[in-house]
Amino acid sequence: MPVSNDAPATSIHVERGRRELLKAAMNAVEEWVVVVDAHGCIQFLNAPYAEFLGVDAEAVLGRDAREVIENTRMHEVLESGRAELAQLQLIRGHHMIAHRYPILRDGEVIGVIGSVIYHDTWEWRQVNAQVQALEAEVDYYRQALETTTGARWKLSDIIGESSAMRELAARVRKIAPGGASVLIRGESGTGKELYAHSLHRASARAEGPFIKLNCAAIPEALLEAELFGYEEGAFTGARRGGKPGKFQLADGGTLFLDEVGDMPLAMQAKLLRVLQDREVEAVGATRLVTVDVRVIAATHRPLEALVESGEFREDLFYRINVVPLVIPPLRERREDLPGLAAHLLERLARRSGRRPPVLSPAALERLCAHHWPGNVRELENVLEAAFYLGGSHIQPTDLPDAIGTRRSEISTPPLDSAAHCTSAITLDTPVTTGPLREAMAHAEHQLIEKALCACGGNRTQAARQLGIAKSSLYEKLARHGL
Ligand SMILES: Nc1ncnc2c1ncn2[C@@H]1O[C@H](COP(=O)(O)OP(=O)(O)OP(=O)(O)O)[C@@H](O)[C@H]1O
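Values in this document were obtained by computation on a predicted structure and should not be read as measured data.

**Q** Before we go on, may I ask you to explain the pattern of salt bridges in this structure?
**A** Summed over the entire model, instances satisfying the criterion amount to 21 salt bridges. Put simply, D64 and R66 hold a salt bridge, and the shortest N to O gap is 3.0 Å. Taking the relative accessible area as the measure of exposure, D64 reaches 17% and is therefore buried. With relative accessibility at 51%, the residue R66 sits in the exposed group. A single network of salt bridges, built from pairs that share partners, joins R73, E84 and R100.

Written as C-alpha cells, this is what we have:
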C-alpha cells in the first residue's frame, strides 16, 4: 500500500534533514567543536576547527583524536568521566581555552564533546599576549640559567638529515666525551657555533662553564686581558680587584674561541703557551694559575693558507686542530633545506606568537635553486623577511629577487674538473643591472673562475695572476662557494 511505503521514506528524509541542520549549525558557530566516541576516535569535527588544524573534516572521521589534535585530553575525560572547563591547550603554537564534557548514556561515558572557546578572537589575543609576555619572561630566565653554563644548543637542535649532517652528528657524539681540542671549520653561517655548544653539552664537562670569545671582535690591545684576565692596577683604567680572563672563567669547562683565524700573531704565541702548559698568567700578575680547560676553536678562514703566508702559527694550528670538524656549506646539502626552512619558520612563529606559515612548493623550489653563499644564516634572514611580508602562505613573490634566480644559475663546477675550462661563463656575460655591490661580486666571481681556469686550477698561480695574496684568494673562493 502506498501509505505504508511512504512513511519510512518520509521519516528517513526528515531524519537526514535534521542531521544536516545540526551539522550546519555546528559549522556555523564560532567555537571549534570535536566529538569522540568511547574509543577516543573522532566522530565529528566542525569545519572551522578542521580548517585551523589544516585537515579534512571528513577524512579524519574514525581517527584517534590524539593523532589529529595536539595536546588533546579527550581520552583523559573519557577515562575520568569528569568535565574539564576552561582548560589551557597549546595547539600549533597557540594557547587555546577549551571545554571538554563527557557524553553519558545510562550513566556510562559513551563519548566526549570538546569545544575550543577562545582561538583567534580579539579577546583571547589580549589574554594570549599576556601569556606570551610571561612566557618570554620565563624564557629569559631559562636562558639566563643556561648561560651560567653558557651552552644554549644541543645536538638535537641541529637540523639536517643529509648523510653529511648525520655523519657529523655521529662524529660529535664520538669526540665529545674526550677532552681533545676540536677545530670547527666551515663557511660563515653554517652553524659552527651550534656545534661548539653541542660538543660541550655532550661532553663530560657539560655541567661546567661554556665560555665564548670572538677573537675577531676584540681589539688587539684588549685581547690578552680578555683571555687571561688582569690584576688590579695592571694598567690605567683597570678595574679595582682585577678581572678574571676567559680561561679562568672556563676552568672545568670549555672555552670556545670563535674566529680563531683572526687572532693576532703575538696573541697566538701566548695562547700556544697556555695550551701547552695549562697555566695562565693574568696581565700584571706575578704568578701562574693552573687551569683545566678544553678548547674548541672555529674559523671560516683558510688556516692552511694563513700558515703558508705566515699569518697563523703552524704549531698553534696543529695544537688546536687535534680533531677537525668540517661543516659543509648549505649548497652541498640541499636536501636539508626543506627541513631547515620548516624549522626556522616554526621558530619565527613561536617567537612572534603566530601560526607557522606554509611554504608553497614554488617558493621552496626557488630556495632549493639558490646558491646560499651566506648558508643557514642567509636562509634564516630570507625566511624572516618572507615571514613578515607574506601571509599564511609564502609564495615566490615574498622572496628577494636574487633568491633562486640570477646568481644561483651560475654553474660552479669543481675546481679540478676539466669542465672548469669549458664553463660558459666569460667576462663578456652581461652583468645584470642592480646594486653595485652585487655587480662587483658577480665580476669578481667571473675573474676568479677565469684565473683558475687559465692556471689549470692551481690556486697559487691564480692568486699571483690576480695580484692578490693566496689567503685572500682562499677567502674569496669560500665566499663565492668555488
Ligand atoms: N643545522 C642547523 N639547524 C638549525 N639552525 C641552524 C643550523 N645551522 C645554522 N643554524 C642557525 O643559523 C645561524 C648561524 O649559525 P652559527 O652562528 O652557528 O654559524 P657560524 O658558522 O658560527 O657563523 P659565523 O662563522 O658567521 O660565526 C644561527 O641562528 C643558527 O641557529
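**Q** What is the right way to look at the pairing of strand 5 (residues 108-118) in this model?
**A** Along any regular strand, the residues point their side chains to alternate faces of the sheet. The sheet contact formed by strand 1 (residues 32-37) and strand 5 spans six bridges and is antiparallel. Across the sheet, residue V34 finds its bridge partner in strand 5, namely G114. In this structure, strand 4 (residues 94-105) lies alongside strand 5, joined through nine bridges in antiparallel fashion. Paired with A98 across the two strands is V116, which belongs to strand 5. Remark: two residues form the turn of the hairpin made by strand 4 and strand 5, two consecutive strands paired antiparallel; D106 in that turn has positive phi of roughly 50 degrees.

**Q** Got a minute to help me understand the environment of D292 in this structure?
**A** Along the chain, D292 falls in the loop between strand 12 (289-290) and strand 13 (294-299). Linking D292 and D251, residues 41 residues apart in sequence, is a C-alpha distance of 5.1 Å. Excluding residues that lie within four positions of it along the chain, D292 makes contacts with R205, A250, D251, G252 and G253.

**Q** Looking at this structure, I do not really get the nonpolar core. What am I missing?
**A** Nonpolar side chains in soluble globular proteins generally cluster together in the buried interior. L227, F247, L255, L257 and I320 are the most contacted members of the largest nonpolar core, which has 29 residues in total. Contributing elements (two or more residues each) for this core: strand 7 (210-214), helix 8 (220-228), strand 10 (254-258), helix 10 (265-277), strand 13, helix 11 (303-308) and helix 12 (314-320). Considering each element in turn, this core owes the most residues, five residues, to helix 10. With residues up to four places along the chain from it excluded, the contact list for L255 reads I211, L227, K246, F247, A250, V293, R294, V295 and I296.

**Q** Looking at this model, I keep getting lost on the site of the ligand. Mind explaining?
**A** In the neighbourhood of the ligand, 19 residues make up the surrounding shell, with I159, S188, K192, R377 and E380 lying closest. Contacts to the ligand include G191, whose backbone N or O atom sits 3.1 Å from an oxygen atom. Within the contact set of the ligand, an oxygen atom lies 2.6 Å away from a side-chain nitrogen or oxygen of K192. Taken by itself the ligand offers 630 Å² of open surface, and the protein chains cover 90% of this. Listing elements by their share of the shell around the ligand, those giving two or more residues are helix 7 (192-201), helix 13 (337-352) and helix 15 (375-389). Considered class by class, the residues forming the shell around the ligand number six nonpolar, four polar and nine charged. Two domains each donate at least three residues to the shell around the ligand, and these are domain 2 (155-326) and domain 3 (330-480).

Cut-offs applied
- Residues numbered from 1 in each chain as written.
- Predicted model: local features only at pLDDT ≥ 70, side-chain atom pairs only at ≥ 80, totals over all residues.
- Heavy atoms only, no water.
- Salt bridge = Lys/Arg side-chain N within 4 Å of Asp/Glu carboxyl O.
- Buried < 20%, exposed > 50% of the residue type's maximum accessible area, 1.4 Å probe, protein only.
- Pairing = 2+ DSSP bridges.
- Helix = DSSP H or I, 4+ residues; strand = E, 2+ residues; numbered from the N terminus.
- Contact = heavy atoms within 4.5 Å.
- Core = buried A, V, L, I, M, F, W, Y, C linked by side-chain atoms within 4.5 Å.
- Near = heavy atom within 4 Å.
- Polar contact = N/O pair within 3.5 Å; in protein donor to acceptor, adjacent residues only side chain to side chain.
- Areas by Shrake-Rupley, 256 points an atom, 1.4 Å probe, with all protein chains shown as cover.
- Nonpolar A, V, L, I, M, F, W, Y, C, P; charged D, E, K, R; others polar.
- Domains from an automatic or database assignment.

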